[in-house]
Amino acid sequence: MKIAIGCDHGGLEHKNAIAEHLRSRGFEVEDFGIYEQVSVDYPDIAVKVCESIASKKNELGILVCGTGIGMSLAANKFKGIRAAVCSEHFSAKYTRLHNNSNVLCLGGRVVGIGTALELVDLFVDTEFEGGRHQKRIDKITEIENR
Ligand code: RB5
């Protein structure tokens, strides 16, 4: 599975740890930066990660900013992107199972790196359940297309 990853200055350490962790697990990771501790605007990074998912270059995305919220707001403007901010395990699992989320947003100032890695593992290891949940996703897509 190919995973796109990116962060702003609120999530650099987390992003680097997540990239290293996923690569050590055998995933192919495309890192859209940032690569050093500079102040950037989180939508600019969200665009790069989400475009790579919308174009099917990557399957899932992980975005880290201070809270995860700004990244999720930007990411959810993209057609076909379902981004979820998670800071605990249940949501990280169920947003894949029920929402078929394709982008996980994390707050570098909210969760520690250890928790972040566990949330990432749950997210990438859980598959969409389909069934009754598909028609709900279809309704989200219908809203996008209005
Ligand atoms: C940047 O200081 C901060 O606003 C950003 O990382 C993020 O938390 C926005 O939602």
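All figures in this text were calculated on a predicted structure; none of them were measured in a lab.

Conventions we followed
Residues numbered from 1 in each chain as written. Predicted model: local features only at pLDDT ≥ 70, side-chain atom pairs only at ≥ 80, totals over all residues. Heavy atoms only, no water. 1 Å grid on protein atoms, 1.4 Å probe; cavity = no way out; pocket = protein on both sides within 12 Å on 5 of 7 lines; lining within 4 Å. Points joined across faces, edges and corners; volume = space filled by probe spheres on them. Nonpolar A, V, L, I, M, F, W, Y, C, P; charged D, E, K, R; others polar. Near = heavy atom within 4 Å. Polar contact = N/O pair within 3.5 Å; in protein donor to acceptor, adjacent residues only side chain to side chain. Patch = residues over 30% accessible without salt bridge, like charges linked within 9 Å, V, L, I, M, F, W, Y side chains within 5 Å. Areas by Shrake-Rupley, 256 points an atom, 1.4 Å probe, with all protein chains shown as cover. Salt bridge = Lys/Arg side-chain N within 4 Å of Asp/Glu carboxyl O. Lys, Arg positive; Asp, Glu negative; His and termini not counted. Charge placed at Lys NZ, Arg CZ, Asp CG, Glu CD. Helix = DSSP H or I, 4+ residues; strand = E, 2+ residues; numbered from the N terminus. Phe/Tyr/Trp six-rings, centres within 6.5 Å; stacked < 30°, edge-to-face > 60°. Buried < 20%, exposed > 50% of the residue type's maximum accessible area, 1.4 Å probe, protein only. Axes fitted to C-alpha atoms, helices over the stretch in contact; angles between N-to-C directions. Parallel < 35°, antiparallel > 145°, perpendicular 65-115°, else oblique. Left-handed = near helix turned anticlockwise from the far one by under 90°. Contact = heavy atoms within 4.5 Å. Pairing = 2+ DSSP bridges. Core = buried A, V, L, I, M, F, W, Y, C linked by side-chain atoms within 4.5 Å.

Description of the layout of surface pockets
Summary: where empty space remains is shown by rolling a probe the size of a single water molecule over the atoms. In this structure, the largest pocket spans a volume of roughly 180 Å³. What lines the largest pocket is simply Ile-53, Ala-54, Lys-56, Asn-58, Glu-59, Leu-60, Lys-79, Gly-80, Arg-82, Arg-96, Asn-100 and Asn-102. Of the residues belonging to the lining of the largest pocket, the class tally is three nonpolar, four polar and five charged.

Overview of the site of the ligand
As a matter of local geometry, the ligand sits amid Asp-8, His-9, Tyr-42, Cys-65, Gly-66, Thr-67, Gly-70 and Arg-109. Separating an oxygen atom of the ligand from a side-chain N or O atom of Asp-8 is a distance of 2.6 Å. Between the ligand and the protein, one listed contact pairs an oxygen atom with a backbone N or O atom of Gly-66 at 2.7 Å. Taken together, the residues of the shell around the ligand sort by class into two nonpolar, four polar and two charged.

Digging into a positive patch on the surface
Where like charges cluster on the molecular surface, the positive patch consists of Arg-132, Lys-135, Arg-136 and Lys-139. Along the chain, Lys-139 falls in helix H6 (residues 132-144).

What about the packing of aromatic side chains?
Within the structure shown, the criterion is met by one aromatic pair. Considering the side-chain rings of Phe-90 and Tyr-94, the 4.3 Å spacing of their centres and the 15° angle between planes classify their relative orientation as stacked. One end of the pair is Phe-90 and the other is Tyr-94, both in helix H4 (residues 89-97) and four residues apart, which spans about a single turn. Judged by its relative accessible area of 54%, Phe-90 falls in the exposed class.

Considering the packing of H4 against helix H5 (residues 113-125)
At a minimum axis distance of 8 Å, the contact between H4 and H5 shows a crossing angle of 25°. As far as their axial angle goes, H5 and H4 are roughly parallel. For the crossing formed where H4 meets H5, the hand is right-handed. Residue-level contacts link His-89, Ala-92, Lys-93, Thr-95 and Arg-96 of H4 to Thr-115, Glu-118, Leu-119, Leu-122 and Phe-123 of H5. In terms of residue class, the contact of H4 with H5 is made up of four nonpolar, three polar and three charged.

Brief notes about the sheet that holds strand S2 (residues 28-31)
With respect to topology, five strands assemble into an open sheet ordered S2-S1-S3-S5-S4, the strand pairing being parallel. The sheet terminates laterally at S2 and strand S4 (83-85), the two strands that pair on one side only. Across the sheet, the mean angle separating the axes of adjacent strands is 20° when strand polarity is ignored. Here S4 runs beside strand S5 (residues 103-107); their pairing, made up of three bridges, is parallel. By the bridge assignment for S5, Val-85 is matched with Cys-105. Along the sheet, helix H2 (residues 42-54) contacts strand S1 (2-7), strand S3 (60-65) and S5; its crossing angle with S3, the most-contacted strand, is approximately 175°.

Comments concerning unusual backbone geometry
A cis amide bond links Gly-33 with the next residue in sequence, Ile-34, at an omega value of 10°. With respect to the helices and strands, Ile-34 occurs in the loop between S2 and H2.

With respect to the nonpolar core
The biggest cluster of nonpolar side chains holds 42 residues, and the ones touching the most others in it are Ile-18, Leu-22, Ile-62, Leu-63 and Leu-106. At six residues, H5 tops the list of elements feeding residues into this core. Not counting the four nearest positions on each side in its chain, Leu-106 is found in contact with Ile-18, Ile-62, Leu-63, Val-64, Cys-65, Thr-67, Gly-68, Cys-86, Ala-116, Leu-119 and Val-120.

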